[in-house]
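Descriptive structure summary
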2 protein chains.
Amino acid sequence: MAVLFANFEPMNPHEESRCENCIIRELNALRSLKKEELKAISDAKVTRTVKKGESIFKEGEKLNGVFCVRDGVSKLSKLSENGKDQIVKIASKGEVMGQRSLIAEEAANLSAIALNDMQLCFIPKENFTESISKNPEFIQALLKNMAHELKLADDVIVNMAQKTVNQRVAGILLYLDTHFGTDADGYLSLVLSRNDIADVVGTATELCIRTLTKFKKEGLIETEGKRIKISDHDALDQLWDGV
Amino acid sequence: MAVLFANFEPMNPHEESRCENCIIRELNALRSLKKEELKAISDAKVTRTVKKGESIFKEGEKLNGVFCVRDGVSKLSKLSENGKDQIVKIASKGEVMGQRSLIAEEAANLSAIALNDMQLCFIPKENFTESISKNPEFIQALLKNMAHELKLADDVIVNMAQKTVNQRVAGILLYLDTHFGTDADGYLSLVLSRNDIADVVGTATELCIRTLTKFKKEGLIETEGKRIKISDHDALDQLWDGV
DNA sequence: GAAAGCAACTGACAAAAGTCATCTTTTTCG
DNA sequence: CGAAAAAGATGACTTTTGTCAGTTGCTTTC
């Protein structure tokens, strides 16, 4: 399985996207939040609309709550010292952004930017931390979750350090396929700019484009504008695995 | 500050290294473990000696406890699919290994190998998980800790993806300096093989050696056998920062 | 203390990745 | 709509990184 992000499993598309559902899904696999807590959180939340390209929060900012993605997709990136952005995570429906910062009581380490029009729920810090301090099951679920994310992060470190750009580009394509699926024509549903793909892979945009062009010539993918269709999934898998 | 590992702050060298201290230090900045719990853990622990080069645990293994480092240094690495080892962390006195796996209830993601002769305390799973389930302050300290490690891991991802081998070699030298200090002659106290340095940096041993040779010619470092002395700390800093 | 084995090192070359300039296509917006 | 801006694409070139083959030198061990 192509691990380029410390992400959660793909969401069941039939799942509802109400806020109650979203916080349960991300933070609370064990359904450990009590009814009253959900109600309290639900009442406190503020819904916000963010347009494509707009910033949700920036690295270094102090967050006073967490954002739950109701709809749309956001990239979480960090500016490296050489001036290039590195995309560390892609958050979509049902995922929560900012909880790491709240828990660690640190400023945000990443910037969040909307990749398309989004609907967000904002849950104030107080509601979030209250659940942490008062509900042991909730903390345990959170802890387990973080421990799992930490493993995935280690995997990403290994992949970034050891895989070639070729392999990592194959990886992001497979990732987009398993996590966001394809449209009616077989094209990857989540359309990223070449520049964003390069920022995920950690390479220059030109090399990213060249790599995609090469994949196209080799019959691994087809493209139409910025849209990409995977035509030889197995070959991409093998490329990723280094066969 | 050079972040090549998701590690903790350097340990105060005057701190005692009894087990009570070690688990407090790593997992329990808030001194949240109660006296009786410490006693119970202390009684249950098993001390073990591991010689240089020996394995402590291997990735894929199921751990039935955590290891606390009493003395010596261990590398935590993962074999990438292309057959190369990537060192993800260096654990030294006072640090705990294996807790991530226990918390996530997953097999070990990393292998631990002693870099020199070591003294370890083994704390059985039951003692560890009991503290987790019964002591809310303990979990909170752990959670906060994990959240912080996650931030560091993200930083490492960015560094591996965006920095050159040159910069990353400078980074590990600075890291070794701040975390393990120097001996009487000014040489870095923790002596790694060129191969291990390469495995931290994520490059080939030959390139790692060449880079060190270049640093030597440029007057950034001096070497004597495998020992390394930093002669121009500022220049290494600037290199790391990409100035 | 000699042989074996390993780690450090070097040269020569190949492959991968980055950069700069330029051109084309698509998208955005007044 | 049409101009301007942004994104995509490609060529030519440089730099970085990887690989293979081999030498040197240290250290371990019988």
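Thresholds applied
- Residues numbered from 1 in each chain as written.
- Chains lettered and ligands numbered in written order.
- Predicted model: local features only at pLDDT ≥ 70, side-chain atom pairs only at ≥ 80, totals over all residues.
- Heavy atoms only, no water.
- Near = heavy atom within 4 Å.
- Polar contact = N/O pair within 3.5 Å; in protein donor to acceptor, adjacent residues only side chain to side chain.
- Least-squares fit on C-alpha atoms with pLDDT ≥ 70 in both.
- pLDDT = per-residue confidence, 0-100.
- Helix = DSSP H or I, 4+ residues; strand = E, 2+ residues; numbered from the N terminus.
- Contact = heavy atoms within 4.5 Å.
- Phe/Tyr/Trp six-rings, centres within 6.5 Å; stacked < 30°, edge-to-face > 60°.
- Buried < 20%, exposed > 50% of the residue type's maximum accessible area, 1.4 Å probe, protein only.
- Lys NZ or Arg CZ within 6 Å of the ring centre and 35° of its normal.

1. A look at the protein's contact with DNA strand D
Around DNA strand D lies a shell of 16 residues, among which Arg194(A), Arg210(A), Val165(B), Thr203(B) and Arg210(B) are the nearest. In the interface set of DNA strand D, defined as its atoms within 4 Å of the protein, sugar plus phosphate atoms amount to 57%. The separation between a phosphate oxygen of DNA strand D and a polar side-chain atom of Arg194(A) is 2.9 Å. Take Val165(B): an N or O atom from its main chain is 2.9 Å from a phosphate oxygen of DNA strand D.

2. Quick notes on the relation of the copies chain B and chain A
The transformation that overlays chain B on chain A combines an axial shift of 0.0 Å with a rotation of 180 degrees, and the residual RMSD is 0.0 Å. Considering both components of the superposition, the chain copies are consistent with a two-fold axis.

3. So, the confidence of the model for chain A
Residues and elements named next belong to chain A. Looking at chain A as a whole, its pLDDT mean stands at 87, while 85% of the residues score no less than 70. For chain A, the element scoring lowest by mean pLDDT is helix H1 (residues 19-27), at 53; helix H7 (residues 194-201) scores highest, at 98. For the stretch residues 8-17, pLDDT sits under 50, and the model shows 21 contacts to residues farther than four places along the chain or on other chains. Two numbers describe this predicted complex: its pTM, 0.90, and its ipTM, 0.90.

4. Remarks on the packing of aromatic side chains
All chains considered together, the criterion is met by eight aromatic pairs over all chains. Between Tyr175(A) and Phe180(A), the aromatic rings sit 6.4 Å apart at their centres with planes inclined by 65 degrees, giving edge-to-face as the arrangement. Comparing Tyr175(A) with Phe180(A) shows no difference in burial state: the two are buried. Between Lys163(B) and the ring centre of Trp240(B), over which it is positioned, the NZ or CZ distance is 4.4 Å. The side chain of Arg227(B) reaches across the aromatic face of Tyr187(B), ending 4.1 Å from its centre.

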